[in-house]
Amino acid sequence: IDGVVWEAERGVGNTFLSPQVERLFGYAVEEWQADPGFWRAHVHPDDLPAALAIDEAAYNATHSYAYEMSYRLMAKSGQAVWVRDLCRVDVEPGRPNRMIGLMIDVTRQKNTELELVQSDNRYALATRGSNDGIWYWDLQTDVLHVSQRFHEIVGLGDTGNLHEHGWRFLQRLIDPDDHERVQRACQRHLSGDCPNFSVDFRARHGSGRLVWLNWRGVAQFEGGVAVRMA
């Protein structure tokens, strides 16, 4: 297993550590075990309060149970390593609670998660800055997802961001005199005759008035068939 198997008792610290601790964190087994407070001293300060709360609950538990926690551990190199700790507290009458676990390095996974969050934040900011209504249409299920700004543009207010019958929903918005032209533009793109989809039409605003809109997007094809559009 690519992780550190460990065992610990209150007041004693780690009674067992597998040798992977040196490769993953840079510390020798003997160095770690020599100090009962070694683990607490090397958990990242920002993660320490939450980790200690979970740790204390295990040490004071009245029954055995499994648990897990994620935190950063400071390696000997000074680098913060994200750890997923899969643990179990073993409660036996007449002896201190014993904890057993497996520490796995999940730094790459955590970094990927953080990059995705940052990417989502950038996308959300760009969407708000563009002042456009964003939409995603699953052409196989006909489910249409739209942004809040999309609803604001057509004056629908907060009616939910998901419409299960996408084309029916759009038809209700498009002025009847423009139905055929919009559908023709959409079909040209979905059939592959036109690389881009863009069409101007009149829409019925929630207030009852007509507003001119530009609807544009692009489809994604699988096996020559359009499966989604955004």
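A.B. asks: Where do I start with the overall build of the protein in this structure?
C.D. replies: Secondary structure summary: the protein contains eight helices and 12 strands in total. Taking 17 Å as the expected radius of gyration for a compact globule of 230 residues, we find that the protein reaches 29 Å, considerably beyond that expectation. Here the protein, with 230 residues, has 36% of them falling under the buried criterion. Long-range pairs, those at least 24 residues apart, make up 40% of the contacts in the protein between residues at least 6 apart in sequence. Accessible surface, the protein: about 13400 Å² in total, of which carbon and sulfur atoms supply 52%.

A.B. asks: Honestly, the side chain of H189 in this entry has me stumped. Any pointers?
C.D. replies: One can find H189 in helix α8 (residues 179-190). Beyond its immediate sequence surroundings of up to four residues, H189 is in contact with C194, P195, N196, F197, G217, V218, A219, F221 and M229.

A.B. asks: Which parts of the structure should I look at to understand the side chain of D90?
C.D. replies: Looking at where D90 falls in the secondary structure, it is placed in strand β4 (residues 80-90). In terms of polar contacts, D90 uses its side chain to reach the side chain of R98, at 2.6 Å. In contact with D90, other than residues within four places in its own chain, are S64, N97 and R98.

Rules and cut-offs
Residues numbered from 1 in each chain as written. Predicted model: local features only at pLDDT ≥ 70, side-chain atom pairs only at ≥ 80, totals over all residues. Heavy atoms only, no water. Helix = DSSP H or I, 4+ residues; strand = E, 2+ residues; numbered from the N terminus. Rg over C-alpha atoms; globule rule 2.2 N^0.38 Å. Buried < 20%, exposed > 50% of the residue type's maximum accessible area, 1.4 Å probe, protein only. Contact = heavy atoms within 4.5 Å. Areas by Shrake-Rupley, 256 points an atom, 1.4 Å probe, with all protein chains shown as cover. Polar contact = N/O pair within 3.5 Å; in protein donor to acceptor, adjacent residues only side chain to side chain.

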